[in-house]
Amino acid sequence: MFEQIKALIEQYPRIVIHRHKNPDGDALGSQLGLWSILKENYPDKEVYIVGDMTPRYSFIAFREMDVIEDAVYEDALAIVLDTSAKSLISDERYTLAKVTARIDHHIFVEQIASCEVTDTSFESCCGMIAALAMECSWEVSPAAAKALYTGMITDSGRFRYDSTSAQTFRLASFLMERKFDTGDIYRNLYADDLFFIQLRAKFALKINALENGVAYIYTDFEEAAGYGADSFTLSRGMVNVMSEIRGIHSWVNFTETDAGVLCEIRSNCYNINPIAVKYGGGGHQKASGATLKDREEAMALLQDLCALGED
């Protein structure tokens, strides 16, 4: 499955690893995991990781992002991870590389690299990196295994989402043989400061439940600024406040920012990905996102979401 990717990795002495903006556990875990694996198995290669950072996953960040000049991309291989569309890539300079490659598990939106391995049967991109390591018989350090396992946990909802399969557990078992502390992962992921617990409580009070099993939260720019939290926390971090309401089958969290209205869409029974794609986003069948122009467009998306329950 990964023959072309492996051949490119072995061919190029310099590799730059990218992933999507506002990284979640899967994006950051796959990037750090692949960096560590490549450095361990190809110690003579120059391997860099670039992009923005989020403090939530600092417990797996055993190194900082690299700050590199454009010249680094000359005669280099750029690998983009966990990203379905060009507009989502953190650091658009990947196009300066001599060759580009992508490893991704999202529903296909567009081609972004000259060599692509995409497979929606994987619950996470971290799972794909673990499969790559297995297929190539590469050594995997405990730090790399921990980063990859974290991404598998977050993108599978602690192995609860529909994307979880027998393959997921085979790969998780492969990683756990590296003897890292799973307890440290869970403590960091699911133990929150009092501030965030209270923030979720405030968002719970903002829930609007509509007909056809749809719920939404809308946070305008002024309100968002008053919470004292970053946009990632207010958008993706709060969407699942609505996830376990009896009778709610689809839910969406809208957050106004300088970049537009961040939109996180989830469902426990419908394929909401076409709606995200319609508005310039993408993702998975039951978990997708987009960035919208304004509140009017957000309400149009909400109506499209409500229409899913009319069939």
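Here the structure is a predicted model, which is why all the values come from computation and not from measurement.

1. Focus on the packing of helix α4 (residues 142–156) against helix α5 (residues 166–176)
The contact between α4 and α5 brings their axes to 9 Å, and the two run at 155°. By the criterion of interaxial angle, the relationship of α4 to α5 is roughly antiparallel. Like other packed secondary-structure pairs, α4 and α5 cross with a definite hand, here left-handed. Contact with α4, carried on its side by A145, L148, Y149 and M152, involves T168, L171, A172, L175 and M176 of α5 and no other residues of that element. Looking at the contact of α4 with α5 residue by residue, the class counts come to 8 nonpolar, 1 polar and no charged.

2. Points about the environment of A259
Position of A259 among the secondary structure elements: in the loop between β8 (250–257) and β9 (260–267). As a C-alpha pair, A259 and D184 span 75 residues in sequence and 34 Å in three-dimensional space.

3. Side note on the sheet that holds strand β7 (residues 214–219)
In spatial order, the strands read β6-β7-β8-β9-β11-β10; together these 6 strands make up an open sheet with mixed pairing. Edge positions in the open sheet fall to β6 (208–210) and β10 (282–283), since each of these has one partner strand only. When β6 meets β7, the two strands line up antiparallel, connected through 3 bridges. Opposite A209, over in β7, you have A215 as the bridge partner.

4. Notes on the side chain of S141
Mapped onto the elements, S141 comes out in the loop between α3 (125–136) and α4. Take S141: its relative accessible area is 15%, and that puts it in the buried class. Among the polar contacts made by the side chain of S141, one reaches the side chain of S36 at a distance of 3.1 Å. Excluding anything up to four places from it in sequence, S141 contacts S36, E40 and R178.

Cut-offs and rules
Residues numbered from 1 in each chain as written. Predicted model: local features only at pLDDT ≥ 70, side-chain atom pairs only at ≥ 80, totals over all residues. Heavy atoms only, no water. Axes fitted to C-alpha atoms, helices over the stretch in contact; angles between N-to-C directions. Helix = DSSP H or I, 4+ residues; strand = E, 2+ residues; numbered from the N terminus. Parallel < 35°, antiparallel > 145°, perpendicular 65-115°, else oblique. Left-handed = near helix turned anticlockwise from the far one by under 90°. Contact = heavy atoms within 4.5 Å. Nonpolar A, V, L, I, M, F, W, Y, C, P; charged D, E, K, R; others polar. Pairing = 2+ DSSP bridges. Buried < 20%, exposed > 50% of the residue type's maximum accessible area, 1.4 Å probe, protein only. Polar contact = N/O pair within 3.5 Å; in protein donor to acceptor, adjacent residues only side chain to side chain.

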